[in-house]
Amino acid sequence: MTLKELAYAAHAALQDRAGCVIKRSHVHELLAATFGSRSWASFHARFLLADAGVGNVPVDALPKVTGRALQLGYDQRTAISVVHTLLEFVETHRLSCVSRAELQAVLLPPAQYAKDDQEDEDEDADWHEDPPSADFAAARLTRELIEKSPLLIHGLKQYADESDPQGHFLLAALYRCKRPNPYLHEESLKGRVLNAVEQGWVAEYLRQVPRHRLYEFHLKEAALGGVRAAALEYGMSFDSSEFLALAERLEGAVDARQMAQIASTPNARGQWLREAAQKGDEAALEDLAAQGDDWAEEQLAQRGDVYWIRRAAERAIENREAGRAWMWQHLALKFGADLTKSTMRAYHDGGSHNGEFYDSDFGGPLFVDGDEGLLLPPLSRADQSAAKGKAQTIFAMAKQRG
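Conventions adopted
- Residues numbered from 1 in each chain as written.
- Predicted model: local features only at pLDDT ≥ 70, side-chain atom pairs only at ≥ 80, totals over all residues.
- Heavy atoms only, no water.
- Salt bridge = Lys/Arg side-chain N within 4 Å of Asp/Glu carboxyl O.
- Helix = DSSP H or I, 4+ residues; strand = E, 2+ residues; numbered from the N terminus.
- Core = buried A, V, L, I, M, F, W, Y, C linked by side-chain atoms within 4.5 Å.
- Buried < 20%, exposed > 50% of the residue type's maximum accessible area, 1.4 Å probe, protein only.
- Arc of directions from axis to C-beta.
- Axes fitted to C-alpha atoms, helices over the stretch in contact; angles between N-to-C directions.
- Parallel < 35°, antiparallel > 145°, perpendicular 65-115°, else oblique.
- Contact = heavy atoms within 4.5 Å.
- Nonpolar A, V, L, I, M, F, W, Y, C, P; charged D, E, K, R; others polar.
- pLDDT = per-residue confidence, 0-100.
- Phe/Tyr/Trp six-rings, centres within 6.5 Å; stacked < 30°, edge-to-face > 60°.
- Lys NZ or Arg CZ within 6 Å of the ring centre and 35° of its normal.

Draft legend 1. Region of the structure containing the pattern of salt bridges. Applying the stated rule across the entire model yields 18 salt bridges. Across the pair glutamate 147 and arginine 211 runs a salt bridge whose closest N-O atoms are separated by 2.7 Å. A residue pair is termed long-range when its members are at least 10 positions apart, and glutamate 147 in helix H8 (residues 143–147) and arginine 211 in helix H12 (residues 196–224) qualify at 64 residues. The structure contains a network of salt bridges with shared partners spanning Asp294, Glu297, Glu298, Arg311, Arg315, Glu321 and Arg324.

So, in structure tokens, the structure goes:
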């Protein structure tokens, strides 16, 4: 069912029971009131209607719908008849609502969407309404449930048809799937006789082909409309250097780690890794540290990684920062390592004892591995105390982080 068909059916039901002329535009206003919004414009800016029991159902809607009917000019008796008819219609058709923010949260990773600017720009939106939880009972939304609601999907398509690229991006996310493999279908067209399992695979292929086309179409429209995350996804999914370059030129929410993967210059890659690391991506932080980034190295050192603690101490010594060098030493001690002690050891290189500590009784080739002990600069008693205090603070934070 489309929104137009729904409004037509609701209007017919109201007209039949009210005993007076009901304006078609009033149907939308009364539906909005059912879900706690004071106008259809306010509702439409934040929500989409759904059916098939998908989404959030209205709660205690009678007073608000009655009040809205009276505001629209209906007398008390007519208003009561209209309201009861409408609420019965809503229940019969299992109508509900889903916020655009809910759809984004379900369909898109957090890195791929930002707050809908339309909410801020809509002059008709009433930001003094009761909290949504007071107007309807929230229900857990999933991708599978979204696909069960024809009215909701139609609303999403209207959202996209309003020249809103974010609507296209949501539809692309809904239809997202891998490119189906045509091999068996092509073989069957050549005359190959398929067994039952293969026939099932071909049936699935034929089902996925139109879905994949919709995915590509809406993703491309979103990208061309300026959605950076869509341009990135299109470029990566369809191997398009043109759209990858577009993603680098555009602005907006995007997965920083993926942007680092497609970055065209080392500097750009480092910037994207830094952004990803600052958002909590541990792998990005490790990649950045491996490239010699001082900030990333110290972040890992503060987490208690002795290797990076040593690197930070070595850098402090090179920069003649005695206090920081000793701070890292005290932190290392708290994690069970002493940077001033050498860890250089000889190991067997090959043979039955390969990798074991070197034993001269066995002889043979060897290799040396480990680190020399650091020679820390002298430090006053007061500065030593300060270094220990800083190390204790970092250690406590590392323990809290787990």
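Moving on from the coordinates now.
Draft legend 2. Inspection of the nonpolar core at higher detail. Core analysis: the largest hydrophobic core is formed by 71 residues, its most contacted members being Leu103, Leu152, Leu156, Phe169, Leu219 and Trp328. If you tally residues by element for this core, the top one is helix H10 (residues 165–175), at 7 residues. With 30 residues, the next largest nonpolar core counts Ala7, Tyr74, Ala79 and Val90 among its residues.

Draft legend 3. Quick look at helix H6 (residues 100–107). For H6, the full list of buried residues reads Arg100, Leu103, Gln104 and Leu107. Down the axis of H6, the buried set is contained in an arc of 100°. They therefore lie on one face.

Draft legend 4. The packing of helix H2 (residues 24–34) against helix H5 (residues 76–92), seen in detail. Where H2 meets H5, the closest approach of the two axes is 11 Å, and the angle between their N-to-C directions is 70°. One finds that H2 runs roughly perpendicular with respect to H5. Of the residues in H5, those touching H2 at Leu30, Leu31 and Thr34 are Val82, Leu86, Leu87 and Val90. Per-class residue counts for the contact of H2 with H5 are 6 nonpolar, 1 polar and no charged.

Draft legend 5. Region of the structure containing the confidence of the model for the protein. Overall, the prediction assigns the protein a mean pLDDT of 88, with 93% of residues at 70 or greater. Contacts of residues 115–133 to residues separated by more than four positions or lying in other chains number 27 contacts, the stretch itself having pLDDT below 50.

Draft legend 6. View of the packing of aromatic side chains. Under the definition given, this model contains 10 aromatic pairs. Pairing phenylalanine 335 with phenylalanine 395 gives two aromatic rings, centres 5.1 Å apart and planes at 70°, and the pair type is edge-to-face. Separated by 60 residues along the polypeptide, phenylalanine 335 in the loop between helix H20 (322–334) and strand S5 (345–348) and phenylalanine 395 in helix H21 (residues 381–401) bring together distant segments of the chain. The exposure class assigned to phenylalanine 335 is partly exposed, which follows from its relative accessible area of 26%. With a centroid separation of 5.5 Å and an interplanar angle of 25°, the aromatic rings of tyrosine 347 and phenylalanine 367 are classed as stacked. In this pair, tyrosine 347 is assigned in strand S5 and phenylalanine 367 in strand S6 (residues 366–369), connecting sequence segments 20 residues apart. For tyrosine 347, a relative accessible area of 18% translates into the label buried. Exposure remark for phenylalanine 367: the relative accessible area of 31% places this residue in the partly exposed category. Taken together, the aromatic side chains of Phe35, Trp40, Phe43 and Phe47 make up a single cluster linked through ring pairs. Of note, arginine 100 hangs over the ring of tyrosine 159, and the distance from its end group to the ring centre comes to 4.1 Å. Positioned over the ring face of phenylalanine 395 is lysine 334, at 5.6 Å from the centre of the ring.

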